[in-house]
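Spelled out from the first residue to the last, the chains are:
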Amino acid sequence: MRTSDVWLTPAFVAGAVAVTVLAPADPPYRGLDAVGLSLAVGSTLCLFPRRVAPMWVVVATSLLVVVNAAAGYATTVTQWPVWISLFTLFSLRGTTARVTGVAVMLVAVGGYFAVDRAPIGPTDVFNVTVCFLVAMVAGDAARSRRAAAVAEHARVRAEERTELARELHDSIGHAVNVMVMQAGVGRRVFADDPTFAREALGNIESVGRDALGELDRLVRVMHADRPTTDLSALVDRVRAAGRELRLTTEEIQVGATVAQALHRIVQEALTNALRHTDSGRIDVELAQVDDTVVLEVVNEGRQLRVGRPGRGLVNMRERARSVGGEVEAGPVPAGFRVRATLPAQVRS
């Protein structure tokens, strides 16, 4: 039961009482009395459960219209709960319930025409037909609008889940690759350089804890912004894995969404560099020219390891495209280069 129904029904009842008292019916209808007022109020009270039992409300209000007419009263008030109940039925239920509800109301209209004290003319038939059409069309439109809102909500939730999955892939995937690299280095030098091996184990523990913290952050805040100053943490992880990395950055002024995209692109590029090469320097350059930010990550590794294709390049391009930028990636004389060109601010 909606809160609005709790106060709408009393409002309808008050309106029914006011109309019945202030606008008494003319002959051949009976004048105002307790029975007529009870029928008007009772018809209105039937609307209270209209959202939870719309079919029963259609039946009850339709029956009261016939009873009201048979008792000799005008339908000044009792007709409106019928149209409201039909509108509600069409806005909440499917085809079967709609057909049944219309059938019930057609029977009620026939009964009303048969027992009403006033002669029925073309104007009365026209008015009833118009009320039928307005209630059905308006109810169907309300149902369609609500369905569209539900579909849009589902689409937004699906996009959020996709974004979360991408965040997890980028962040946790990077951490796992660094840990694998450090574990491999530690294993190879364990006998000859146990001190370095212990450092590698310590770095693996640190990166693992950071990954768990990142996972917790992503679960808590699906769209948390990540500043570009976090590039230093990525650089430290790569260097701890035994790879040389040169970072060249200029002061840039970017929005939070662009900053997050930059962070993820760098992270993905470094992850790919660690995954596909064992040695060689990695150069990361970040600069801003007017309203454009340019990022270049060059991996000088020569011994490329060919493995199962992943989503690294696809994710980088999607990141860039989401903020109105683009990513170019491919081999260059120095190795493999990723170049991202992004706007400093997301354009609306």
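Residues numbered from 1 in each chain as written. Predicted model: local features only at pLDDT ≥ 70, side-chain atom pairs only at ≥ 80, totals over all residues. Heavy atoms only, no water.

To continue, consider the pattern of salt bridges. The full count for this structure, using the stated rule, is seven salt bridges. Where Arg30 meets Asp33, a salt bridge forms, and the shortest distance between an N and an O atom there is 2.9 Å. Linked by salt bridges that have partners in common, Arg246, Arg281, Asp283 and Glu300 make up one network. (Salt bridge = Lys/Arg side-chain N within 4 Å of Asp/Glu carboxyl O.)

What follows covers the nonpolar core. Core analysis: the largest hydrophobic core is formed by 34 residues, its most contacted members being Leu262, Ile265, Leu270, Ile282, Leu295, Val297 and Leu342. If you list the elements that add at least two residues to this core, you get α6 (122-189), α8 (231-240), α9 (256-276), β2 (282-289), β3 (292-299), α10 (312-322) and β5 (335-343). Counting contributing residues, this core receives three or more from each of domain 2 (151-224) and domain 3 (231-343). Once residues lying within four places of it in the same chain are set aside, the contact partners of Ile265 are Leu295, Met316, Arg319, Ala320, Val327, Ala340 and Leu342. (Core = buried A, V, L, I, M, F, W, Y, C linked by side-chain atoms within 4.5 Å. Buried < 20%, exposed > 50% of the residue type's maximum accessible area, 1.4 Å probe, protein only. Helix = DSSP H or I, 4+ residues; strand = E, 2+ residues; numbered from the N terminus. Domains from an automatic or database assignment. Contact = heavy atoms within 4.5 Å.)

Turning our eyes to something else, we now look at the environment of Leu89. Looking at the secondary structure, you find Leu89 in helix α4 (residues 79-92). Residue Leu89 is classed as buried on the basis of its relative accessible area, which comes to 0%. Those residues in contact with Leu89 that sit more than four places away from it in its chain are Pro54, Met55, Val58, Ala97, Arg98 and Gly101.

A word on unusual backbone geometry. Unusually for a residue other than glycine, Asp290 sits at a positive phi of about 55°. Among the structural elements, Asp290 can be located in the loop between β2 and β3.

What follows covers the packing of aromatic side chains. All told, the structure shown has two aromatic pairs when counted by the stated rule. With centroids separated by 5.5 Å and ring planes inclined at 45°, the aromatic side chains of Tyr112 and Phe113 adopt a geometry described as tilted. Judged by relative accessible area, which is 25%, Phe113 ranks as partly exposed. (Phe/Tyr/Trp six-rings, centres within 6.5 Å; stacked < 30°, edge-to-face > 60°.)

This part covers the sheet that holds strand β1 (residues 245-249). Within the open sheet, the five strands sit side by side as β1-β2-β3-β5-β4. Their pairing is mixed. Looking at which strands have only one partner, the edges of the open sheet turn out to be β1 and β4 (326-332). Neighbouring strand axes in the sheet, compared pairwise and without regard to direction, differ in orientation by 10° on average. Of the pairings in the sheet, the one linking β2 to β3 comprises eight bridges and is antiparallel in character. (Pairing = 2+ DSSP bridges. Axes fitted to C-alpha atoms, helices over the stretch in contact; angles between N-to-C directions.)

As a further point, take the UniProt feature "transmembrane region" (unreviewed entry) in the protein chain. Mapped onto the present numbering, the UniProt feature "transmembrane region" (unreviewed entry) falls at residues 7-25, 55-75 and 95-115. Across residues 55-75, helical content stands at 76% and strand content at 0%; the span's end C-alpha atoms are separated by 21 Å. Structurally, residues 95-115 comprises 100% helix and 0% strand, and the distance from its first C-alpha atom to its last is 30 Å. (UniProt positions renumbered as here; feature names shortened; annotations may be inferred.)

This brings us to the pairing of β4. On any regular strand, side chains alternate: one points to one face of the sheet, the next to the other face. As judged from the seven bridges shared by β4 and β5, these two strands associate in the antiparallel manner. Paired with Ala329 across the strands is Val338, a residue of β5. Taken together, β4 and the strand that follows it, β5, pair antiparallel across an intervening segment of two residues.

A surface patch of nonpolar side chains, amounting to about 280 Å² of accessible area, comprises Phe126, Val130 and Val134. Inspection of the secondary structure assignment puts Val130 in helix α6. Owing to a relative accessible area of 33%, Val130 belongs among the partly exposed residues under this scheme. (Patch = residues over 30% accessible without salt bridge, like charges linked within 9 Å, V, L, I, M, F, W, Y side chains within 5 Å. Areas by Shrake-Rupley, 256 points an atom, 1.4 Å probe, with all protein chains shown as cover.)

Turning our attention to α8. Regarding α8, the residues found buried are Leu231, Leu234, Val235, Arg237 and Val238. Within α8, the buried residues cover an arc of 160° as seen down the axis, which keeps them to one side. A positive phi of about 95° marks Gly242, the residue just after α8. (Arc of directions from axis to C-beta.)

So, about the environment of Val346. Position of Val346 among the secondary structure elements: in the segment after β5. A residue is classified by how much of its surface remains accessible, and Val346, at 42% relative accessible area, is partly exposed. Put simply, Val346 and Gly255 are 91 residues apart on the chain and 7.2 Å apart in space, counted from C-alpha to C-alpha. Each residue touching Val346, except ones within four places of it in the same chain, is listed here: Thr257, Val258 and Val323.

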